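Fold and contact review
Chain by chain, the residues run as shown.
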Amino acid sequence: MFGTLVAPRSPCAASVAALLAVCCVSACAQRGPAEGQTLARPAQPVRVVAAPEPSAAPVGRVAAQSVASSPARRQVARFGWGSGASALGMTMGAEANPTAPMAIAGDSAGRLWILDQDNERVVRLARDTATFDVRLPVTLRWPQDLALVERGEPGAQQVALVLVLDRLANGVVAALDARDGTERWRLPLRGDGAAAFDPDALPGPTGLAFGGGVTGIFVHNRGVWAEWGHQRVHQLGDLAGAVVRSARVLPGRPALVGDLGLFAMRAGDKVQITGRSLKASNAAELPPSFRAEVSFNLPVYAVRTLDSDPWGRVWIAANTLRESETGAIEAEGLEVARVGRTGAVEFRGSATLEQGPHEQLRTFAVGAEGSFWHLARRDDGVVVERWAP
């Protein structure tokens, strides 16, 4: 089960690496709230700070704050809590935080796939509508993340497989046929002979030493990869479900295109982003080939997502807040930014601030066609918002 997600309200020291505070084990609670989890609201009113609208400015040197384009945020749909055809599931825990839809992923046709695990299904949001046009059954005991496998010619690709991660109960990645939800294959997370929890353990010969340390799954270089502790990825198998007997470890989170592994480190009201090549055998030892720095309106409490689009641009979202001398929260926000391939910040904005703590893993995602998606939970349901590419 999940470890504690109760986080200290004050921001961590500036030198602490965020490395995506999207974790659901107790060791990561010290770095901020989990992905999708927000701070408990204080009794006094809190001012919510939105990022300013970007203004035109020339693109300067690498990591300079500049604006090239301004994608508009649009609310696509709103769903209430429930188990019906037009609702999403939420379960109140007896002792833990409530659970809400765990993860999202966008396809190349501009549609959003949602892991609605409390209703034991994956649903697809039809493009430009507030209706689900696909519902796939999920039989895993504790599904927590998903990724999409698309096939076909460029411009006419279709989702063929939906990969679902269960890191705690079944310890597998299961591939579901996108047409009817039939399970096609499973890849194990655990390596041969690895039983004990070791947060610093390297992956075993055919998997990871501890499945609970997995913080996401990715499709990269025609393979299925598991991220460990927001720091490195390890290939579990190929897209046909065959186990890859390799212990190769790649640094960072793989970019959607190119060969970069991305990292994020927070420092006050800034997040420093670096990227290292994933092609070199000694990639972790090489200096970064990509650098950027994003400034936010308030000190960064937790990095919520780090992702990239088909043009090699990097999207980042962060919970930000400012406290008074007594520790009361004076202002908080959920800020987003997009960084160009040169490292210049092209866009800054804000996302809908969630209400209440919930157990969720991935509530931001970049679609295969470039849209940036956010699943914002509210007291009465879920808001889906999108920034067009």
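Cut-offs applied
- Residues numbered from 1 in each chain as written.
- Predicted model: local features only at pLDDT ≥ 70, side-chain atom pairs only at ≥ 80, totals over all residues.
- Heavy atoms only, no water.
- Helix = DSSP H or I, 4+ residues; strand = E, 2+ residues; numbered from the N terminus.
- Buried < 20%, exposed > 50% of the residue type's maximum accessible area, 1.4 Å probe, protein only.
- Contact = heavy atoms within 4.5 Å.
- Polar contact = N/O pair within 3.5 Å; in protein donor to acceptor, adjacent residues only side chain to side chain.
- Pairing = 2+ DSSP bridges.
- Axes fitted to C-alpha atoms, helices over the stretch in contact; angles between N-to-C directions.
- Phe/Tyr/Trp six-rings, centres within 6.5 Å; stacked < 30°, edge-to-face > 60°.
- Lys NZ or Arg CZ within 6 Å of the ring centre and 35° of its normal.
- Salt bridge = Lys/Arg side-chain N within 4 Å of Asp/Glu carboxyl O.

Glancing now at the environment of Glu385. The residue Glu385 is located in strand S26 (residues 381-387) in this model. In this structure Glu385 comes out as buried when scored by relative accessible area, which is 2%. Sequence separation of Glu385 and Arg78 is 307 residues, and the distance between their C-alpha atoms is 9.0 Å. The contact partners of Glu385, leaving out residues within four places of it in the chain, are Arg73, Arg74, Gln75, Val76, Ala351, Thr352, Phe372, Trp373 and His374. Side chain to side chain, Glu385 and Thr352 meet in a polar contact 2.8 Å long. A polar atom in the side chain of Glu385 sits 2.7 Å from the side chain of His374.

Among the structural elements, Gln360 can be located in the loop between strand S23 (345-350) and strand S24 (364-366). In this structure Gln360 comes out as buried when scored by relative accessible area, which is 1%. Of note is the side chain of Gln360, whose polar atom sits 2.8 Å from the backbone oxygen of Pro101. Separated by 2.8 Å, the side chains of Gln360 and Arg377 make a polar contact.

So, on to the environment of Ala85. Its location among the elements puts Ala85 in the loop between strand S2 (73-81) and strand S3 (87-88). C-alpha separation for the pair Ala85 and Phe132, spaced 47 residues apart in sequence, amounts to 7.6 Å. In contact with Ala85, not counting residues within four places along its chain, are Phe132 and Arg135.

Turning our eyes to something else, we now look at the sheet that holds strand S9 (residues 158-166). Here four strands make up an open sheet; going across it, the order is S8-S9-S10-S11 and the pairing antiparallel. In the strand order of this sheet, the two ends are held by strand S8 (145-151) and strand S11 (183-188), each with one partner. Put simply, the sheet's adjacent strands are angled 20° from each other on average, direction ignored. Bridge analysis of strand S10 (residues 172-177) against S11 gives five bridges, and the strand direction is antiparallel. Opposite Leu176, over in S11, you have Glu183 as the bridge partner.

Quick look at unusual backbone geometry now. Backbone geometry places Glu120, a non-glycine residue, at a positive phi of 55°. Position of Glu120 relative to the elements: it lies in the loop between strand S5 (112-116) and strand S6 (121-125). Here His230, not a glycine, exhibits a phi torsion of approximately 60°, which is positive. Among the structural elements, His230 can be located in the loop between strand S13 (223-228) and strand S14 (232-238). The exposure class assigned to His230 is buried, which follows from its relative accessible area of 3%.

Attention now moves to the packing of aromatic side chains. Taken as a whole and judged by the stated rule, the model has six aromatic pairs. Taking 5.5 Å as the distance between ring centres and 20° as the angle between the ring planes, the aromatic pair formed by Phe364 and Phe372 counts as stacked. Of the two residues examined, Phe364 and Phe372, each falls in the buried class. Ring centres 5.3 Å apart and planes at 45° place the aromatic pair Phe372 and Trp387 in the tilted group. Here Trp387 lies in strand S26 and Phe372 lies in strand S25 (residues 372-378), a separation of 15 residues in the sequence. Grouping residues by exposure puts Phe372 and Trp387 together as buried. Aromatic ring contacts, followed pair by pair, group Trp315, Phe347, Phe364, Phe372 and Trp387 into a single cluster. The positively charged end of Arg276 is found above the aromatic ring belonging to Phe263, 5.9 Å away from the centroid.

With that settled, the discussion passes to the pattern of salt bridges. Two side chains of opposite charge can pair, provided their charged atoms sit close to one another. Using the criterion set out here, one finds 18 salt bridges in the structure. Where Arg184 meets Asp177, a salt bridge forms, and the shortest distance between an N and an O atom there is 2.8 Å. Look at Asp177 and you get buried, because its relative accessible area is 5%. Between Glu330 and Arg322 there is a salt bridge; the shortest N-O distance is 3.3 Å. When salt bridges with common partners are traced through the structure, they connect Asp177, Arg179 and Arg184 into a single cluster.

Attention now goes to the pairing of S9. Counting buried residues along S9, seven of its nine residues qualify, which places the element largely inside the surrounding structure. Sheet analysis places S8 next to S9, joined by seven bridges and oriented antiparallel. The partner of Glu150 across the bridge, within S9, is Val159. Counting the residues that bridge the hairpin from S8 to S9 gives six residues, and of these Gly152 lies at a positive phi of roughly 120°. As paired strands, S9 and S10 are joined by six bridges and run antiparallel to one another.

So, about the side chain of Glu335. Looking at where Glu335 falls in the secondary structure, it is placed in strand S22 (residues 329-339). Polar contacts involving the side chain of Glu335 include one to the main-chain amide nitrogen of Asn297, which spans 3.1 Å. A distance of 2.8 Å separates polar atoms of two side chains, one belonging to Glu335 and the other to Thr320.

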